[in-house]
Amino acid sequence: MRKTRTTSTAPAPLLGPRALNRATLDRQLLLSRSALSAKAAVEHLVGLQAQNVKPPYFALAARLDGFAPEQLSALMACREVVRIVTMRSTIHTHTADDCLTLRPLVQPARDRELTIFRKGLEGVDLDRLAALARDLVEAEPRTMNQLREALSAEWPDADPQALAIAARCKLPLVQVTPRGLWGRSGQVVLTTAEHWLGRPAEPAPAPDAVALRYLAAFGPASVKDMQTWSGLTRLREAFERLRPQLVTFRDENGVELFDLPDAPRPDPDTPAPPRFLPEFDNLLLSHADRARVVPPEHRGRSWQGNQAYRTLLVDGFLAGVWKLEADTLVVEPFTRLGRQRQQEVTAEGERLLKAMYGEPASYDIRFGTVLR
């Protein structure tokens, strides 16, 4: 009887939570501060979460050596970076180039979002709505309320809020300055990216190219991880096309992880200094499995309802939250910090305050009640 030869394939190497943590922190410029410029960092990180005005500034203060808020503010003022809805239908700060390419990439997700509002848009020609909204905001930047009023005059039977959201989904609307500038105030006023930047949108990049950028900033990662980050679906084909030029690993649950061959994967015992992150930081939002940053016992503790807290990393992992109260930085750890850890957190807090507000002499750093 003829025997059938069998071959066995060795399982992909295992990366535990600490190995994934150190690799991701390194890509995120959080293992040690980077000498990159603010613009280069925004590009490397494929944008910064910007649901509120201040988070992009705090995000860069945690990542860049010598960062001052005026650096990002100046880029926004001269239109080298912009605030626009992209990943996960949330506002991001992107470079002008990424704004003009990544928004077309995620447009299918914005189109799907419109199905939520279909009842309020019955009888509305969406192409006509997009053309009218473009004319309105390019003639003069408009607030969402002004858009609602103008579009409701054209479609009085439609839901006004749904009309404005449809305009935001169909068009690449950026928030014009002074909104987003450091130390300035301003309501959300919108125009198209093309009008604000003075050049047309670029063709959407292939998902393969963006997958490589995602891995450079967030890897090693699974297909579902990138889908969580981007809000896109059906990315498996892109990773399969890329497979010959990537390396693969597996996590503790057996999930396949892809990575760039030459990307940094530091030793799991590499020291990770404390870091103060803003609310909605992409480090905590860009993987389907957040165990590489969020210990199981702290899952869900950086949120309350729809509100995200500013978070503290200790030894690379979520370890507490923080807030600014008048002239005091209040740190609220999830467990008691030893004396050395507390000193390290205090030193990082002082560095943060100096970067953001100048000399921190007028600020106190206080450790609040340990949150249970």
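Refer to the structure presented above.
Residues numbered from 1 in each chain as written. Predicted model: local features only at pLDDT ≥ 70, side-chain atom pairs only at ≥ 80, totals over all residues. Heavy atoms only, no water.

Novice: For this particular structure, what's the right way to read empty space enclosed by the protein?
Specialist: Regions of empty space are outlined by a rolling probe, equal in size to a water molecule, passed over the atoms. Following the criterion strictly, the structure yields two cavities of 30 Å³ or more and no others. Approximately 70 Å³ is the volume attributed to the largest cavity. Around the largest cavity, the lining residues are Gln28, Leu45, Gly47, Leu48, Gln49, Pro55, Ala59, Arg63, Phe218, Pro278, Asp281 and Asn282. Of all elements in the fold, only strand S1 (48-49) and helix H3 (55-61) reach the threshold of two or more residues within the lining of the largest cavity. For the second largest cavity, the calculated volume is near 60 Å³. (1 Å grid on protein atoms, 1.4 Å probe; cavity = no way out; pocket = protein on both sides within 12 Å on 5 of 7 lines; lining within 4 Å. Points joined across faces, edges and corners; volume = space filled by probe spheres on them. Helix = DSSP H or I, 4+ residues; strand = E, 2+ residues; numbered from the N terminus.)

Novice: Where do I start with the environment of Gly120 in this structure?
Specialist: Turning to its location among the elements, Gly120 is positioned in the loop between helix H5 (96-113) and helix H6 (126-139). With a relative accessible area of 17%, Gly120 lands in the buried category. The sequence separation of Gly120 and Arg310 amounts to 190 residues, and the corresponding C-alpha distance is 35 Å. The residues touching Gly120, leaving out its near neighbours within four places in the chain, are Ala158, Asp159 and Ala162. (Buried < 20%, exposed > 50% of the residue type's maximum accessible area, 1.4 Å probe, protein only. Contact = heavy atoms within 4.5 Å.)

Novice: How do you make sense of the sheet that holds strand S8 (residues 275-277) when you look at a structure like this?
Specialist: On the basis of which strands lie adjacent, the open sheet formed by five strands has the order S8-S11-S12-S13-S14 and mixed pairing. Among the strands making up the open sheet, the edge pair consists of S8 and strand S14 (364-367). Here the strands of the sheet are splayed against their neighbours by 30° on average, with no regard to which way each runs. Bridge count for strand S11 (residues 310-314) against strand S12 (residues 317-325) is five bridges, and the pairing is antiparallel. Counterpart to Leu313 in the pairing with S12 is Leu318. This element, helix H13 (residues 339-357), spans S8, S11, S12, strand S13 (328-333) and S14 of the sheet and lies at about 145° to S14. (Pairing = 2+ DSSP bridges. Axes fitted to C-alpha atoms, helices over the stretch in contact; angles between N-to-C directions.)

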